[in-house]
Amino acid sequence: IIETKKRKLSPIYIRGAKAWHFANKEMNIWKASFSEQIRNHQYSNDLLIAFGEIDCRKEEGIIPFSIKYKKELIEVCKVTINGYLNYMESHLKSLYSKKYYFGVPAPVGAKGAKDRLDIKRIELIRVYNSVLKEEVLSRGSWFLDVYELTVDKKGENNNLHMCDDIHL
């Protein structure tokens, strides 16, 4: 139910797509798939959009990129998120009157002792959500703050809304 109206969701899944793929200036298979899917799924004025979780892994995405190129996490988040939102908004603004972007859930706690990448990931997801929320709202879209629903006092997942260690 959105704004007292019952809605039916029609999910579009683009295997392997990350926010970074949409931030990338070059055309790629994920952008092509997205464009095709959007053309085939225009039955509403509202759109829910969820990309980002997989940019926040320890072994893939923003953390290894920031380490390899000696960049601050917040800098990489801003570039990724702005590129992603610029692409989405330029392709969706004329098609959907309301766009709801999902944030990223708090990370599930590491089994055993946390290493420095676990700690970095906790910080990354907090920063990523903060930047994403600010940017989404500044563009006049809606932000679904799943981070606030899933975070505990240590910055880890409270396990109230997860169906496994990865998925909400």
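Reading guide: rules and limits
- Residues numbered from 1 in each chain as written.
- Predicted model: local features only at pLDDT ≥ 70, side-chain atom pairs only at ≥ 80, totals over all residues.
- Heavy atoms only, no water.
- Helix = DSSP H or I, 4+ residues; strand = E, 2+ residues; numbered from the N terminus.
- Contact = heavy atoms within 4.5 Å.
- Salt bridge = Lys/Arg side-chain N within 4 Å of Asp/Glu carboxyl O.
- Buried < 20%, exposed > 50% of the residue type's maximum accessible area, 1.4 Å probe, protein only.

Caption draft 1: Examining the side chain of Asn157 more closely. Within the secondary structure layout, Asn157 lies in the segment after helix H6 (146–150). In contact with Asn157, not counting residues within four places along its chain, are Pro105, Ala106, Pro107, Val108, Thr150, Asp152 and Met162.

Caption draft 2: Local environment of the pattern of salt bridges. Summed over the entire model, instances satisfying the criterion amount to 14 salt bridges. A salt bridge links Arg39 to Glu36, with the shortest nitrogen-to-oxygen separation between them at 2.7 Å. On the criterion of helical spacing, the pair formed by Arg39 and Glu36 is a turn pair, its members being three residues apart in helix H2 (residues 29–40). On the basis of relative accessible area, Arg39 is assigned to the exposed category, the value being 53%. Sharing partners across several salt bridges, the network here consists of Lys18, Arg57 and Glu60.

Caption draft 3: Examining unusual backbone geometry more closely. The phi torsion at Lys70 lies on the positive side, around 50 degrees, for a residue other than glycine. Position of Lys70 relative to the elements: it lies in the loop between helix H3 (62–68) and helix H4 (73–92).

Shape is all these values report; function is a separate question.
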